[in-house]
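One letter stands for each residue in the lines below.
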Amino acid sequence: MQQGNLLNWVEISRRALAQNVLRFKTHIGPAVKLAAVVKANAYGHGLVGVSRIVLESGADWLAVNSIEEAEQVRAAGIAAPVLCLGYVPLSQLEKAVRLDVRLTVYNPATVERLGEIAGRLGRKARLHVKVETGTNRQGVRREELPDFARMIAGYPHLVLEGLSTHYANIEDVTEHRFAELQLRNFSEACSMLESQGFSVPVRHTACTAAAILFPRTLFNMARVGIGLYGLWPSKETRISALQAGVALNELEPVLTWKTRIAQVKPVKSGETIGYGCTDLATQDTRLAVLPVGYYDGYDRKLSSIGYVLIRGRRAPVRGRVCMNMIMVDVTNIPEARVEDEVVLLGRQGDDSVSAEVLAGKIGTINYEVVTRINPLLPRIIV
Ligand SMILES: *Cc1c(COP(=O)(O)O)cnc(C)c1O
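Residues numbered from 1 in each chain as written. Predicted model: local features only at pLDDT ≥ 70, side-chain atom pairs only at ≥ 80, totals over all residues. Heavy atoms only, no water.

1. Regarding the overall build of the protein chain
Selection rule: A run of H or I in DSSP counts as a helix once it spans at least four residues, and a run of E counts as a strand once it spans at least two, with each numbered from the N terminus. A 1.4 Å probe rolled over the protein chains alone gives each residue an accessible area, and that area as a share of the maximum for its type sets the label: buried under 20%, exposed over 50%, partly exposed in between. It only takes one pair of heavy atoms within 4.5 Å for two residues to be counted as in contact. Note that accessible areas follow from Shrake-Rupley with a 1.4 Å probe, and for residues the cover is restricted to the protein chains shown. Residues scored as positive are Lys and Arg, those scored as negative are Asp and Glu, and His as well as the terminal groups of each chain are ignored. For this purpose, a charge sits on NZ of Lys, CZ of Arg, CG of Asp or CD of Glu.
Secondary structure summary: the protein chain contains 12 helices and 20 strands in total. Sorting the 382 residues of the protein chain into buried and exposed places 53% on the buried side. Long-range pairs, those at least 24 residues apart, make up 67% of the contacts in the protein chain between residues at least 6 apart in sequence. Total accessible area on the protein chain stands at roughly 16800 Å², and carbon and sulfur atoms take up 52% of it. With 45 positive and 38 negative side-chain charges, the protein chain shows a separation of 2 Å between the mean positions of the two kinds.

Below is the structure:
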């Protein structure tokens, strides 16, 4: 294995990722395109490596957040359709057109500038209009939609390819009235544009939770992120799926975050551990020092409450998480040695540290746990 000289790294299971793509492909059916959401460095899993695998496994499009991410994907030689979900500054729009990136649009200034650029370059620019249906994040309000569509139609090189929206309250609840309302608003917006002579070929509203729970949100494309990485959007989504008898097989987490022990040492009963002397050895203790800290994305709130896996067993974090190091208690793992492999997140032997467990300990969601793993750490595909 090439991992021999690594100290702090992330392993990505090609098999688990490919399986998850297949599960979603099967679930949404052949009439619905799968846009794999690879924003935020593929949810911390590594943008380019993940993009290649999901496309090989049957994903149709990639969805990124920024023009920089789109650029990285194209620089890697990936020619698949790429949709940019986030805002692209006016100064970067020419680059977007040259890279043939589909843009999510909602500002007249963006359309104007794109119309001018595409005309000058003699190239088509494909736009996806985000419709405001109740999230009150990005989007064009429905009453402004016809004028917005007419504006796009006024530029010969602009193509109104897509209409999209995003749900506000689908992961957090097991009762989905608000999502139903947003779906109705979106369908009305589609009909309104149709009645005014606009035909928009690609319609997409579903994130992972919607794709799992509501076939009516699929239209002809789904934007699936967290589920492809083998993580559930929330406990509520899982409960709703069980209640509805959704036949989506188990998702398998794709990511394992590893490090190695840098030192093993005894600490005497009564001595304190780490910065602020916040932790106390109440018995003679063996500590292992690990070369990972909050800089790497190991949250400081895990101080004295996190745990890692060494030789398949749990070693609790002792004292504060430092910038580049943590200390863990290996008193009950007497075989622990310098350079033993340590799992910070993922499975080792019969036990695992899940993103959900870490998220629960620090008051956040699994999405934040994985996306905040420092992008500079190597991602190794295994
Ligand atoms: C991030 C994002 C998604 C993916 O959401 P998941 O819950 O990870 O599937 C879909 N659509 C938009 C607009 C997003 O920003």
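On we go.
2. As for helix α3 (residues 47–56)
Of the residues making up α3, those classed as buried are L47, V50, S51, I53 and V54. The inward-facing, buried residues of α3 abut α1 (14–28), β2 (33–37), α2 (39–43), β3 (61–64), α4 (67–75) and β20 (379–381). Backbone geometry just downstream of α3 places G58 in the positive-phi region, at approximately 120 degrees.

3. Things to note about the site of the ligand
To keep it simple, the criterion reads: A cutoff of 4 Å decides nearness: a residue is near a molecule or strand if any of its heavy atoms lies inside that distance of it. Two N or O atoms form a polar contact when they lie within 3.5 Å of each other; inside protein one atom must be a possible hydrogen donor and the other a possible acceptor, and for residues adjacent in sequence the pair counts only when both atoms belong to side chains.
Residues in close proximity to the ligand total 15 residues, the closest being K39, Y43, T208, R223 and Y367. At 2.5 Å, a side-chain N or O of Y43 approaches an oxygen atom of the ligand. G225 is positioned with one of its backbone polar atoms (N or O) 2.9 Å from an oxygen atom of the ligand. Computed on the free molecule, the ligand has an accessible area of 390 Å², of which 93% lies beneath the protein chains in the complex. Listed by contribution, the elements that provide at least two residues to the shell around the ligand are α2 and β9 (221–224).

4. Observations concerning the nonpolar core
Let me state the cut-off plainly: Here, nonpolar core refers to any group of buried Ala, Val, Leu, Ile, Met, Phe, Trp, Tyr and Cys residues whose side-chain atoms link them within 4.5 Å.
If you look at the biggest cluster of nonpolar residues, it comprises 123 residues, and the most contacted ones within it are W257, Y298, V308, I310, I326 and V328. Ranked by residue count, the leading element in this core is helix α8 (residues 177–195), at six residues. Leaving out residues up to four positions away in the same chain, V308 has contacts with L290, Y298, R313, R314, A315, I326, V328, V342, V343, L344 and V353. Residues V267, I273, V289 and M327 belong to the second largest nonpolar core, which totals six residues.

5. Observations concerning the state of the cysteines
Selection rule: Any cysteine sulfur atom paired with another within 2.5 Å is treated as part of a disulfide.
Tallied over the entire structure, the rule returns zero disulfides. Of the cysteine sulfurs around C84, a residue in no disulfide, the closest is that of C207, at 18 Å. Residue C84 is classed as buried on the basis of its relative accessible area of 0%. For the unlinked cysteine C277, the closest cysteine sulfur is that of C322, found at 12 Å.

6. Observations concerning the side chain of T217
Position of T217 relative to the elements: it lies in the loop between α9 (208–213) and β9. Judged by its relative accessible area of 2%, T217 falls in the buried class. A distance of 2.7 Å separates a polar atom in the side chain of T217 from the backbone oxygen of F214. If sequence neighbours within four positions are ignored, T217 has contacts with Y167, L183, T205, A206, A210 and A211.

7. Overview of the domain arrangement of the protein chain
A common way to state how big an interface is: give the accessible area lost once the parts meet. Selection criterion: Domain start and stop positions are those given by an automatic or database domain assignment.
Segmenting the protein chain into domains produces domain 1 (14–244) and domain 2 (255–353). Distance from the C-alpha centre of domain 1 to the C-alpha centre of domain 2: 40 Å.

8. Brief notes about the sheet that holds β3
The test is simple: Strands are treated as partners if at least two bridges between them are detected by DSSP. In this analysis, axes come from line fits to C-alpha atoms, helices being fitted only over the stretch in contact, and the angle between any two N-to-C directions falls in the range 0 to 180 degrees.
Read once around its circumference, the closed barrel built from eight strands follows the order β2-β3-β4-β5-β6-β7-β8-β9, with strand pairing classed as parallel. For this sheet, the mean inter-axis angle between neighbouring strands, taken without regard to orientation, is 30 degrees. Across three bridges, the pairing between β2 and β3 is parallel. Counterpart to A36 in the pairing with β3 is L62. Against the sheet, helix α7 (residues 145–153) contacts β5 (101–105), β6 (125–130) and β7 (158–164), and its axis sits at roughly 175 degrees relative to β6.

9. Some points on α8
Note that an α-helix has 3.6 residues per turn; residues three or four places apart therefore point the same way. Short version of the rule: What a helix is expected to span follows from its residue count: subtract one and scale by 1.5 Å.
Taking 1.5 Å of rise per residue, the 19 residues of α8 would be expected to cover 27 Å, and the 27 Å separating its terminal C-alpha atoms lies within 8% of that figure. Looking at the buried side of α8, the elements it contacts are α7, β7 and β8 (202–206). Backbone geometry just after α8 places G197 at a positive phi near 95 degrees.

10. Things to note about the environment of K258
Mapped onto the secondary structure, K258 falls in strand β10 (residues 255–260). A relative accessible area of 11% places K258 in the buried class. With sequence-adjacent residues up to four places away left out, K258 is seen in contact with L7, N8, W9, E11, E341, V342, V343 and L344. Reaching out from K258, the side chain makes a polar contact with the side chain of E341 at a distance of 2.8 Å.

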